[in-house]
Amino acid sequence: AQSVAQPEDQVNVAEGNPLTVKCTYSVSGNPYLFWYVQYPNRGLQFLLKYITGDNLVKGSYGFEAEFNKSQTSFHLKKPSALVSDSALYFCAVREGRDDKIIFGKGTRLHILP
Amino acid sequence: GAVVSQHPSRVICKSGTSVKIECRSLDFQATTMFWYRQFPKQSLMLMATSNEGSKATYEQGVEKDKFLINHASLTLSTLTVTSAHPEDSSFYICSAENPTSGSTDTQYFGPGTRLTVL
């Protein structure tokens with residue numbers, strides 16, 4: 001069965017600095033990988049996904065993620081953090097197009113002014 | 001495109017009563033919708049998959065008689081929490097896949113409904 005891990009409960013980054021939110025996954029086949037962001041008392045917003053093709057995926061709000069098959073990772077990155085990026089970030093995986101999606105436990109990102 | 005709404009956003013009810021939560025896809029038709037539950041400081045737990053015109057598929061451990069799901073149209077799915085108890089208090093989130101977007105692998109989420117059972 002597929003699984004996804006976000007090893008950090010919280011990440012603190014100074015505004016203007018690059019940020020990385022880590023995610024590793026486990027699937028038996030080719031993964032469909034996603035990042036979502038959740039602001040307080042709101043649902044999840046889709047940021048980006050990797051299905052196939054270029055390992056570097058660009059998404060909303062200047063975020064990008066790199067698919068690394070050998071390390072089974074899909075870390076979320078942004079070159080320069082904004083205070084407004086502070087939120088809860090979820091990595092998710094599904095094993096196939098029609099398979100259910102599994103979410104990581106989430107990483108709370110704090111951008112310090 | 002791909003906007004999903006939920007109603008109500010917050011509901012407080014007495015123990016023993018039933019609560020209905022609506023999930024609507026506003027600008028697309030969703031053959032499949034999903035219901036999740038999110039506990040404080042925890043991830044989302046998939047409760048069930050709702051298919052238009054057929055019975056919902058529940059995840060292991062989710063009581064189908066307690067969490068009634070109806071997907072009567074391509075734009076509306078409802079979750080009814082029957083005989084609610086304080087332990088049912090949670091944040092319920094629905095999502096939908098947009099087949100017309102060409103990427104049914106992506107789910108679009110509603111804003112969530114916070115249920116508090118007194």
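Structure: see above.
None of the values given here were measured: they were computed from a predicted structure. Residue numbers restart at each chain and count upward from 1, following the sequence in its written direction. The order in which chains are written sets their letters, starting at A; the order in which ligands are written sets their numbers, starting at 1. Thresholds applied to this predicted model are a pLDDT of at least 70 for local features of residues and 80 or more for the giving and counting of side-chain atom pairs; totals over whole chains, interfaces and linings are not thresholded and use all residues. Heavy atoms from the whole structure form the basis of all side-chain values; hydrogens and water molecules are not counted.

A.B. asks: Whenever I open this one, the layout of surface pockets confuses me. Can you help?
C.D. replies: The method is simple in principle: a probe with the dimensions of a water molecule rolls over the atoms, and the space it marks as empty is what remains. Only protein atoms enter the 1 Å grid used here, on which a cavity is any set of points holding a 1.4 Å probe that cannot leave and a pocket is any open set flanked by protein within 12 Å on both sides along at least five of seven lines; residues with an atom within 4 Å of a point are listed as lining. Grid points are joined across faces, edges and corners, and a volume is the space filled by probe spheres set on the points. Its volume calculated, the largest pocket comes out at about 240 Å³. Every residue lining the largest pocket is counted, 14 residues in all, and those nearest its centre are Gln38, Leu88 and Arg108 of chain A together with Gln38 and Arg114 of chain B. Only Asp, Glu, Lys and Arg are considered charged in this grouping, and only Ala, Val, Leu, Ile, Met, Phe, Trp, Tyr, Cys and Pro are considered nonpolar; every other residue, Gly among them, is considered polar. By residue class, the composition of the lining of the largest pocket is six nonpolar, four polar and four charged.

A.B. asks: Teacher, can you tell me more about the nonpolar core here?
C.D. replies: Here the nonpolar core consists of buried residues drawn from Ala, Val, Leu, Ile, Met, Phe, Trp, Tyr and Cys, with membership extended through side-chain atoms lying within 4.5 Å. Only protein chains enter the area calculation, which uses a 1.4 Å probe; residues under 20% of their type maximum are buried, those over 50% are exposed, and those in between are partly exposed. Within the largest apolar cluster, 28 residues are counted, with the highest numbers of intra-cluster contacts made by Leu19, Trp35, Leu47, Leu48, Phe74, Leu76 and Tyr89 of chain A. Each helix corresponds to a stretch of at least 4 residues labelled H or I by DSSP, and each strand to a stretch of at least 2 residues labelled E; elements are numbered beginning at the N terminus. Those elements giving two or more residues to this core turn out to be strand E2 (10-14), strand E3 (19-21), strand E5 (32-38), strand E6 (44-50), strand E8 (64-68), strand E9 (73-78), strand E10 (87-94) and strand E12 (107-112) of chain A. No other element matches the four residues that E10 of chain A contributes to this core. Note on definitions: a residue-residue contact is assigned when non-hydrogen atoms from the two residues lie within 4.5 Å. Ignoring anything within four residues of it in the chain, the contact list for Leu76 of chain A reads Leu19, Thr20, Val21, Trp35, Leu47, Leu48, Phe63, Glu64, Ala65 and Tyr89 of chain A. Val11, Cys13, Ile21 and Ala48 of chain B belong to the second largest nonpolar core, which has 27 residues in total.

A.B. asks: When you look at the interface of chain A and chain B in this model, what are you seeing that I'm missing?
C.D. replies: One frequent convention defines the size of an interface as the accessible area lost when the parts assemble. At the junction of the two partners, chain A supplies 20 residues and chain B supplies 22 residues. As used here, buried area is the combined drop in accessible area, with a 1.4 Å probe, of two parts when they are placed together. Surface buried jointly by chain A and chain B totals about 1600 Å² across both partners, of which 48% is contributed by carbon and sulfur atoms. Put simply, Glu97 of chain B and Arg94 of chain A hold a salt bridge, and the shortest N to O gap is 3.2 Å. Pairs of N or O atoms within 3.5 Å make up the polar contacts considered here, provided that, within protein, one atom can donate a hydrogen while the other can accept it, and that residues adjacent in sequence are counted only when both atoms are side-chain atoms. For the pair chain A and chain B, the interface holds four residue pairs in polar contact (both at pLDDT 80 or more). When contributions to the side of chain A that touches chain B are tallied by element, the ones reaching two or more residues are E5, E6 and E10 of chain A. Looking at side-chain class alone, the side of chain A that touches chain B contains 10 nonpolar, four polar and six charged residues. What counts as a salt bridge is simple: a side-chain nitrogen of Lys or Arg found within 4 Å of a carboxyl oxygen of Asp or Glu.

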